[in-house]
Amino acid sequence: MTTERYNPRDAEPRWQAIWDEKNIYATRNDDPRPKYYVLEMFPYPSGRIHMGHVRNYTMGDVVARYKRARGFSVLHPMGWDAFGMPAENAAMERKVHPREWTYANIAAMKKQLKSMGLSLDWAREIATCDPSYYKHQQKMFLDFLRAGLVERKQSKVNWDPVDQTVLANEQVIDGRGWRSGAMVEQRELTQWFLKISAYSQELLDALDTLDRWPEKVRLMQRNWIGRSEGLHVRFALDPATMQNVPYAAGNELEIFTTRPDTLFGAKFLALSPDHPLAAAVAAHNPKLADFIVEARKIGTAQEAIEKAEKLGFDTGIKAQHPFDPTWLLPVYVANFVLMDYGTGAIFGCPAHDQRDLDFVNKYGLGNTPVVCPPDVDPKTFVITDTAYDGDGRMINSRFLDGMTIAQAKDEVARRLESQTRGNRPVAARQVNFRLRDWGISRQRYWGCPIPIIHCETCGVVPVPDKDLPVTLPDDVDFNTPGNPLDRHPTWKHVACPQCGGKARRETDTMDTFVDSSWYFARFTDPWITDAPTDRTQVDRWLPVDQYIGGIEHAILHLLYSRFFTRAMKKTGHTGLDEPFAGLFTQGMVVHETYRRKTGEWVMPSEIKILGNEDARRAVLIESGEDIEIGSIEKMSKSKKNTVDPDDIIAAYGADTARWFMLSDSPPDRDVNWTEKGVQGAWRFTQRLWRLVHEAAGIAKNAPAQRPATFGEPALKLRKAAHGALAKVSEAIETLHFNVAVAHLYEFANALSDAIGDVESKPEPGLAWAMREAAGILVLLFQPMMPHLAEECWAALGHDSLAATQPWPAVEADLLIENTLTLPVQINGKKRADVTVPRDASKDAIEAAVLALDAVQKALDGKSPKKVIVVPQRIVNVVA
RNA sequence: GCCCCUGUGGCGGAAUUGGUAGACGCGCCUGACUCAAAAUCAGGUGUAGCAAUACGUGCUGGUUCGAGUCCGGCCAGGGGCACCA
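Everything numeric here is computed off the predicted structure, so don't read it as measured data. (Residues numbered from 1 in each chain as written. Chains lettered and ligands numbered in written order. Predicted model: local features only at pLDDT ≥ 70, side-chain atom pairs only at ≥ 80, totals over all residues. Heavy atoms only, no water.)

A.B. asks: Sorry, what's going on with the pairing of strand E36 (residues 829-837) here?
C.D. replies: When a strand is regular, its side chains alternate between the sheet's two faces. Here strand E35 (residues 819-826) runs beside E36; their pairing, made up of eight bridges, is antiparallel. If you follow Leu 820 over to E36, its bridge partner there is Val 836. Once E35 ends, the chain turns through two residues before running back antiparallel as E36, passing Asn 827 with a positive phi of about 55°. (Pairing = 2+ DSSP bridges. Helix = DSSP H or I, 4+ residues; strand = E, 2+ residues; numbered from the N terminus.)

Okay, structure coming up:
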């Protein structure tokens, strides 16, 4: 009797219009119910959404809809990460203003997102390029400046020669710019820095409290922060070797080491090529000067950084061993010592550090092992090509001999701390971090202007709060590379706010990661005009309960946001430290690749698949030309293996796309987009529609009152319904969407069986159970397929909206079975089943098991060695 | 090089965290309906075997009444960091 098909092209826009009209997804800031803030990482407005967005926003939407049904006041906003390079590239290539380009893209993408049926509160929409947003960012920059969290300093920076801008360390991947892919060069520039390193320890410690973050992300951040404990040691330099060296710091050299225990294995000291002492020696030593120039090249723009040979240059200076002034160590300049870690100088213990060993083997400085591995005879222990960095006992180390590494470290620190030279201890325990301050200056137009004025007489002057925002000029040209703000004829020329004299604006704009470091806070009250946040709202809504996005932001965005939230707290804009209580990182959307014999990539929409499995092949639709089917890879424009969400929604509807995104693959793994898979999802939407309509036909005749008793088929259906309810709820709570999907399939199968029972085994309670079950089914899939749910909910005779219904309540009694079927194992292998009453005693179960034929046979008249009865689980007979 | 994660049918993946391995879906096979196809419906589908049964969660050892799950060693794939002293 199935006639009509569900038509998403008609139904989806219809329900979207109704949701809009009734404004059901708006969140009120005065809602007294418990709050739940679910947020997906906001998109860059590139112009079109891609499948990764579909997956990301579908997951967030399921959580939002589920929590709403669970009675929470849900905040689920959307905005745009709208500043950035592509807008300027478009301006250069297509002569369109970045603002126009960006806002046109936002309009297009908003339309696409709306077609997905997401339950978003669009009234809170923000775009980071809007002065009403970046005004507050400028205010916070100035607040941070006053709080000592901003610094302006000259530093070596990573310069991207293609984008013509500076990149943070985090934005350099394998020596290349994260966006342009160009080899990064080193340049000296004066930059604005946010002092994230002031929070190194705190950012590290607090990771332990983020128990709803993936362990993987926490580990990556831990490694990035890179805490190491060690000793800061002052080596005295032999005055005889320091003649003619104009070195301001005097006759000493400070080093940092994490292995003070190996001090008696020292063979040399080494300076970074950028160390002031190296420069001082080079002033009178042209060969060293040349060496330093060469060494710097290797550390920067050279391709093979990791393969660079360890090179050194002997300065002729000698340093005294801290425990023995007569023991002199040569001081080298070495290309592998970094200036901006520790003190820019090290001591080398070749026996226990591979780099140092490579170095001494090249320059013939020898090595002395000072840590002997367990079970090795110290007399025969020698190091040749491989340094030993494992555990052991101290040898060849005078008063340290026999100690463990930990004891030796402590002993060295203790002795050197109490020695003084020039009224200062010779050594101090020190903690070092790898994390550097966050350089935010970018030489770009399309970013948030840094609200600073440089005055010839007053120096660096903050723009007064009353003059905010500093807005971008509209009349800019992109015909030449570099920063359009810098070459704008008038924009940068202003009067100094302090003295009124001639001054110029800072023409650098902020890194766009600043924009995304606080948008989640702005969403809590995007309407407030005189402050970045309303403290009542931001403190009530934050932290974000569930944040969802890509793993690619594990360090950059998430670490910056954690820092920024703390900085906002310090300046009174929030009351908390951690912005994201729960984090989920979703996998990518991948797809097969296709290419012509000539090697050109071909889009999935351009080809047709013929045959199955081994006989599977692809041809170009247009010409019938054979196409090679390649590996499954991340969807990307370059390999053309993308599928356009618009096409999928036009062909199958948003619900089918959403359902497929959630089914099969666990959400944190990659999902392979296949035509077969989409068709499977499509068939299921049709099947649900039919099932619910059939069930509705039966339910029409159901009594209004719940029957006092239910027959077997009705009870079976009710158990299936409530079982599914319990399992789907749990799966959504734990974000195991693929498991929720599987339980919904199972439940649909059970409903289908029950519909068959109506004819074969009619009974009065079944119609009532059918109505209950169909209702539960619809509400269970509502978070995933909201349009279909509305259509089905209406078919069940409701004039309310499925999207606003409370989550159904489980009848716990139905989940408890009166009799249990336990598996019976003999010696750990399953051999039989036994059905016993739920409350049967262990003895009763044991007796029932021993009476089983299979058990009798296995025991062969003997009595069992042991019978293990695990209540409600399993029985194991040990024969 | 260091650190981390993952290996389960033809495929995507389940498995109450030590208790019936393979739920659910895809694919495939058989049947029904149809002039036929699509759609739909019913049944089957880890491997070997006619069967009883045996084997089976990357390999290998161990702990346990019982191991996909815990421990040791290896192999493969993926990711992060990489002169950080």
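A.B. asks: What exactly am I supposed to notice about the sheet that holds strand E37 (residues 866-870) here?
C.D. replies: The strands making up a sheet are joined through hydrogen bonds of the backbone, oriented either antiparallel or parallel. What the four strands build is an open sheet, ordered E36-E35-E38-E37; its pairing is mixed. Each edge of the open sheet carries a strand with a single partner, namely E36 and E37. Across this sheet, the average inter-strand angle for adjacent strands is 20°, counted without regard to direction. The pairing of E37 with strand E38 (residues 874-878) spans five bridges and is antiparallel. When the bridges of E38 are listed, Val 869 appears paired with Val 875. (Axes fitted to C-alpha atoms, helices over the stretch in contact; angles between N-to-C directions.)

A.B. asks: How should I be thinking about the side chain of Gln 686 in this particular structure?
C.D. replies: Within the fold, Gln 686 resides in helix H18 (residues 675-699). Sequence-distant contacts of Gln 686, defined by excluding residues within four places in its chain, comprise Arg 5 and Tyr 6. (Contact = heavy atoms within 4.5 Å.)

A.B. asks: Can you walk me through the sheet that holds strand E1 (residues 35-40) in this structure?
C.D. replies: If you trace the four strands from one edge of the open sheet to the other, you get E2-E1-E28-E29, paired in parallel fashion. Either end of the sheet is taken by a strand with one partner, and the two such strands are strand E2 (73-75) and strand E29 (583-586). Within the sheet, the average angular offset between the axes of one strand and its neighbour, ignoring direction, is 20°. Across four bridges, the pairing between strand E28 (residues 546-550) and E29 is parallel. Along E29, the bridge assignment pairs Gly 549 with Thr 585.

A.B. asks: Whenever I open this one, unusual backbone geometry confuses me. Can you help?
C.D. replies: As a rule of thumb, non-glycine residues mostly have phi less than zero, and peptide bonds are mostly trans rather than cis. With omega at -5°, the peptide bond leading from Leu 468 into Pro 469 counts as cis. Looking at the element boundaries, Pro 469 is found in the loop between strand E24 (459-462) and strand E25 (493-495). Of note, the amide linkage connecting Leu 542 to Pro 543 takes the cis form, showing an omega dihedral of 0°. Looking at where Pro 543 falls in the secondary structure, it is placed in the loop between helix H14 (535-541) and E28. You will see that Lys 640, though not glycine, has its phi angle at about 55°, which is positive.

A.B. asks: Explanation requested: the pattern of salt bridges in the structure shown.
C.D. replies: Between side chains of opposite charge, a pair can form when the charged atoms approach closely. Overall, the coordinates contain 53 salt bridges when judged by the stated rule. Arg 65 serves as the salt-bridge partner of Asp 61, at 2.8 Å between the closest nitrogen and oxygen. With Asp 61 and Arg 65 both in helix H2 (residues 51-69) and four residues apart, the pair spans about one turn of that helix. Given a relative accessible area of 0%, Asp 61 falls into the buried group. In this structure Arg 65 comes out as buried when scored by relative accessible area, which is 1%. As a salt-bridge pair, Glu 151 and Lys 153 come within 3.5 Å of each other at their nearest N and O atoms. Among the residues examined, Lys 153 registers a relative accessible area of 28% and is labelled partly exposed. Linked through salt bridges whose partners overlap, the residues forming this network are Lys 139, Asp 143, Arg 146 and Asp 465. (Salt bridge = Lys/Arg side-chain N within 4 Å of Asp/Glu carboxyl O. Buried < 20%, exposed > 50% of the residue type's maximum accessible area, 1.4 Å probe, protein only.)

A.B. asks: Sorry, what's going on with helix H16 (residues 645-652) here?
C.D. replies: The α-helix advances 3.6 residues per turn, and as a result positions three or four apart in sequence lie on the same side. The complete set of buried residues in H16 reads Pro 645, Ile 648, Ile 649 and Tyr 652. Viewed along the axis of H16, the buried residues span an arc of 95°, placing them on a single side of the element. In this fold, the buried residues of H16 make contact with helix H1 (8-22), H2, helix H4 (98-115), helix H17 (654-662) and H18. The N-cap of H16, judged by a side-chain oxygen 2.8 Å from the amide nitrogen of Asp 646 a few residues on, is Asp 644. Among the residues trailing H16, Gly 653 stands out with phi positive, at a value near 95°. (Arc of directions from axis to C-beta. Polar contact = N/O pair within 3.5 Å; in protein donor to acceptor, adjacent residues only side chain to side chain.)

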